[in-house]
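# Per-entry structural report
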Protein chains: 2
Amino acid sequence: MSAVETLTGDDLLKVLAALGNPHRMRIVEALCEGRNYVSRLAREIGMSRPLLHMHLQRLESAGLVVGTLELSDSGKAMKFFEVVPFAYELTPEVIAHAAGTLSGADEADPAAPAKEADQAARAKEEEGARTQ
Amino acid sequence: MSAVETLTGDDLLKVLAALGNPHRMRIVEALCEGRNYVSRLAREIGMSRPLLHMHLQRLESAGLVVGTLELSDSGKAMKFFEVVPFAYELTPEVIAHAAGTLSGADEADPAAPAKEADQAARAKEEEGARTQ
DNA sequence: TTGGCGTGTAAGAAAAAGCTGACACGTGAA
DNA sequence: TTCACGTGTCAGCTTTTTCTTACACGCCAA
């Protein structure tokens, strides 16, 4: 079902960043009702074509939509977009696993390897704190 | 299972925007190993405290983590954070439904109401386009 | 040839997000 | 008193994202 296992942290990051935008959510909504080409889609959702173009690129690079350049009978080249039937599960564990495979910078996580020792030190340091 | 039904579009947007950031993903990862207070967490993941504070606020306002101000035996007030066991399902349909309940601005979607007529016009306009 | 409609992209303004450094406050221990 | 360590927040800079305007190209029909 969920293809999360095969997703790298960077890929999931792309997906979340792409979906975390009202305009792009609306674009996905519009494309859910059927494939469409960008000029018409721009008119329907009331957005400038260059702006829609950018958002579609972001969605496509995240693997959430796909675009195919087609040729209509009237000879006009038109780019049709449609949604990819994705299905991601979002839980703390999935996020944690993805974060571990992030390529961004230092890659340091000195807390994870030390298990028992870390837990012991943590328990000691909390010294019976109670909710205020 | 998934509490998506009860989520408004704005709420889901908050969640996705909060999770779509490498730093915040790492914070969730770190908190998955156990609750922690901000100064120590800042040291462990190598981040300035004010910055971590901001990211934690973003995560908490999205409902992904919760923070409780506690009082240690030594009298120091410390704010402990822990992850909320969330579980969201991410599919085009969920996104589409959420987009429909977005509060942002115009709220216009003239394509959705017209069903048959729209589909007919759409089919007509596509006039047998084939992949290039 | 001109006009309409489709494509793409580049330049620069505007807005939002990210990040740092400094400040203020409180407590317990040396 | 002074120091270490916890809390919170604000001003301002840097960086990224978002958005508009403008241009270039292709094809068909009038």
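Figured I'd write up the structure that's included with this text. The model shown is predicted, which means the values in this text are computed figures rather than measured ones. (Residues numbered from 1 in each chain as written. Chains lettered and ligands numbered in written order. Predicted model: local features only at pLDDT ≥ 70, side-chain atom pairs only at ≥ 80, totals over all residues. Heavy atoms only, no water.)

This part covers the packing of helix α3 (residues 38-45) of chain B against helix α4 (residues 49-61) of chain B. Residues and elements named next belong to chain B. Running from N to C, α3 and α4 cross one another at 110 degrees; their axes reach a closest spacing of 9 Å. Between α3 and α4, the angle falls in the class roughly perpendicular. Here Val 38, Ser 39, Leu 41, Ala 42 and Ile 45 of α3 come into contact with α4, specifically with Arg 49, Leu 52 and Leu 56. Taken together, the residues of the contact of α3 with α4 sort by class into 6 nonpolar, 1 polar and 1 charged. (Axes fitted to C-alpha atoms, helices over the stretch in contact; angles between N-to-C directions. Helix = DSSP H or I, 4+ residues; strand = E, 2+ residues; numbered from the N terminus. Parallel < 35°, antiparallel > 145°, perpendicular 65-115°, else oblique. Contact = heavy atoms within 4.5 Å. Nonpolar A, V, L, I, M, F, W, Y, C, P; charged D, E, K, R; others polar.)

Before going further, it helps to examine the packing of helix α2 (residues 22-32) of chain B against α4 of chain B. Residues and elements named next belong to chain B. For the pair α2 and α4, interaxial distance at closest approach is 10 Å and the crossing angle is 80 degrees. The angle between the axes of α2 and α4 places the two elements in the roughly perpendicular class. The residues of α4 that touch α2, namely those facing His 23, Arg 24, Ile 27, Val 28 and Leu 31, are Leu 52, His 55, Leu 56, Arg 58 and Leu 59. Tallied by class, the residues present in the contact of α2 with α4 amount to 6 nonpolar, 2 polar and 2 charged.

Moving on, we get to the protein's contact with DNA strand C. If you check the shell around DNA strand C, you find 21 residues, and the closest are Ser 39, Arg 43 and Arg 49 of chain A together with Asn 21 and Ser 74 of chain B. What you see for DNA strand C is that sugar and phosphate hold 67% of its atoms within 4 Å of the protein. Here a phosphate oxygen of DNA strand C and a side-chain polar atom of Tyr 37 of chain A are 2.9 Å apart. Between Ser 48 of chain B and DNA strand C, the recorded distance is 3.3 Å, taken from a side-chain N or O atom to a phosphate oxygen. Counting residues per element, the ones that place at least two in the surface near DNA strand C are α3 (38-44), α4 (49-61) and β3 (77-83) of chain A together with α2 and α4 of chain B. No other element matches the 4 residues that α4 of chain B contributes to the surface near DNA strand C. (Near = heavy atom within 4 Å. Polar contact = N/O pair within 3.5 Å; in protein donor to acceptor, adjacent residues only side chain to side chain.)

Attention shifts here to the pattern of salt bridges. Residues and elements named next belong to chain B. Evaluated as defined, the whole model comprises 6 salt bridges over all chains. One salt bridge connects Glu 82 with Arg 35, and the closest N-O pair in it is separated by 3.8 Å. In this pair, Glu 82 sits in strand β3 (residues 77-83) while Arg 35 sits in the loop between α2 and β1 (36-37), placing the two residues 47 residues apart along the sequence. For Arg 35, a relative accessible area of 25% corresponds to the partly exposed category. (Salt bridge = Lys/Arg side-chain N within 4 Å of Asp/Glu carboxyl O. Buried < 20%, exposed > 50% of the residue type's maximum accessible area, 1.4 Å probe, protein only.)

Looking now at the protein's contact with DNA strand D. Neighbouring residues of DNA strand D: 21 residues in total, closest Ser 74 of chain A together with Tyr 37, Ser 39, Arg 43 and Arg 49 of chain B. Considering DNA strand D, the proportion of its atoms within 4 Å of the protein that are sugar or phosphate atoms stands at 65%. Side-chain polar atom of Ser 48 of chain A to a phosphate oxygen of DNA strand D: 3.4 Å apart, as the coordinates give it. Here a phosphate oxygen of DNA strand D and a side-chain polar atom of Tyr 37 of chain B are 2.9 Å apart. Broken down by secondary-structure element, the contributors of at least two residues to the surface near DNA strand D are α2 (22-32) and α4 of chain A together with α3, α4 and β3 of chain B.

What follows deals with the environment of Gly 100 of chain B. Position of Gly 100 of chain B among the secondary structure elements: in helix α5 (residues 92-100). Taking the C-alpha atoms as reference, Gly 100 of chain B lies 7.1 Å from Gly 9 of chain B; in sequence the two are 91 residues apart.

As a further point, take the environment of Phe 86 of chain B. Take Phe 86 of chain B: it is sitting in the loop between β3 and β4 (88-90). Counting along the chain gives 23 residues from Phe 86 of chain B to Gly 63 of chain B, while the straight-line C-alpha distance between them is 8.5 Å. Setting aside residues no more than four positions away along its own chain, Phe 86 of chain B makes contact with Leu 90, Thr 91, Pro 92 and Ile 95 of chain A together with Leu 19 and Leu 64 of chain B.

This paragraph deals with α4 of chain A. All names here are of chain A. The first and last C-alpha atoms of α4 sit 18 Å apart over 13 residues, in line with the 18 Å expected at 1.5 Å per residue. Residues of α4 that are buried include every one of Leu 52, His 55, Leu 56 and Leu 59, and no others. Buried residues along α4 cover an arc of 105 degrees about the axis, so they all sit on one side. A positive backbone phi angle near 80 degrees is found at Gly 63, which sits one or two residues after α4. (Expected span 1.5 Å × (residues − 1). Arc of directions from axis to C-beta.)

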